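Letter by letter, the chains look like this.
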Amino acid sequence: MEDLAIGALTQALNGLALRQRYIAADTANIETPGYLAHRIDFESSLAAAVQEGDPAAAATSVQTSLEPTRVNGNNVNLDEETTNNIETVLRYQFATQAMNQQFQGVRAAMKVS
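Residues numbered from 1 in each chain as written. Predicted model: local features only at pLDDT ≥ 70, side-chain atom pairs only at ≥ 80, totals over all residues. Heavy atoms only, no water.

Asks: Sorry, what's going on with the side chain of Asn-74 here?
Replies: You can see Asn-74 is positioned in the loop between strand S2 (61-64) and helix H3 (78-112). With a relative accessible area of 0%, Asn-74 lands in the buried category. Here the side chain of Asn-74 touches Ile-30 through a polar contact of 3.1 Å, landing on its backbone oxygen. Engagement of the side chain of Asn-74 in a polar contact is seen with the backbone nitrogen of Val-76, the distance being 2.7 Å. Here Asn-74 is in contact with Asn-29, Ile-30, Glu-31, Thr-32, Gly-34, Tyr-35 and Thr-69, once residues within four sequence places are set aside. (Helix = DSSP H or I, 4+ residues; strand = E, 2+ residues; numbered from the N terminus. Buried < 20%, exposed > 50% of the residue type's maximum accessible area, 1.4 Å probe, protein only. Polar contact = N/O pair within 3.5 Å; in protein donor to acceptor, adjacent residues only side chain to side chain. Contact = heavy atoms within 4.5 Å.)

As structure tokens, this is what we get:
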């Protein structure tokens, strides 16, 4: 069970880190004509992979946002990117704490043996 949890948390951290990189890129290109924002999805695939017992099988998809564009062809919305960034940071912190708890359990088990 711990291997499944650690695997799932590892995949979640990887997906969240990728989302963070795209949020940063989108925000940096807010004034770039023709630039389209990105949306990262890994949660649904990760949930299915965990159900099957193999979190490593989870896939991350990067899709171009279909939100309407401004006159310059750019569709980056600073409010949305800021909200996504805050949510992503909080989820990353939560996953990191959960990973630390998993490792504390492993360390405690190693001391008992």
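Text resumes after the structure shown.
Asks: Help me understand H3 in this model?
Replies: Since one α-helical turn is 3.6 residues long, residues separated by three or four positions face the same way. In this model H3 runs 51 Å from its N-terminal to its C-terminal C-alpha over 35 residues, within 8% of the 51 Å that 1.5 Å per residue would give. Listing the buried residues of H3 in full gives Glu-81, Thr-88, Ala-95, Ala-98 and Met-99. Measuring from the backbone nitrogen of Asp-79 back to the side-chain oxygen at the start of H3 gives 2.9 Å, which picks out Asn-77 as the cap. (Expected span 1.5 Å × (residues − 1).)

Asks: Help me out: how do you make sense of the pairing of strand S1 (residues 38-41) in this one?
Replies: Along any regular strand, the residues point their side chains to alternate faces of the sheet. Residues His-38 and Ile-40 line the buried face of S1, whereas the alternating positions Arg-39 and Asp-41 sit on a face that is not buried. Bridge analysis of S1 against S2 gives four bridges, and the strand direction is antiparallel. Paired with His-38 across the bridge in S2 is Thr-64. (Pairing = 2+ DSSP bridges.)

Asks: Sorry, what's going on with the confidence of the model for the protein here?
Replies: Residues shown with low pLDDT carry predicted positions that ought not to be read at fine detail. In the predicted model, the protein carries a mean pLDDT of 94, and the fraction of residues at 70 or more is 97%. Mean pLDDT across the elements of the protein ranges from a minimum in H3, with 91, to a maximum in S1, with 98. (pLDDT = per-residue confidence, 0-100.)

Asks: What should I look at first to understand the environment of Ser-61 in this one?
Replies: Turning to its location among the elements, Ser-61 is positioned in strand S2. Sequence separation of Ser-61 and Leu-46 is 15 residues, and the distance between their C-alpha atoms is 11 Å. If we skip the residues at most four places from it in the chain, Ser-61 touches Arg-39, Ile-40 and Asp-41.

Asks: Please explain the environment of Asn-74 as it appears in this structure.
Replies: The spacing of Asn-74 and Val-89 is 15 residues in sequence and 25 Å in space, taken between C-alpha atoms. At 2.8 Å, the side chain of Asn-74 forms a polar contact with the backbone oxygen of Thr-32.

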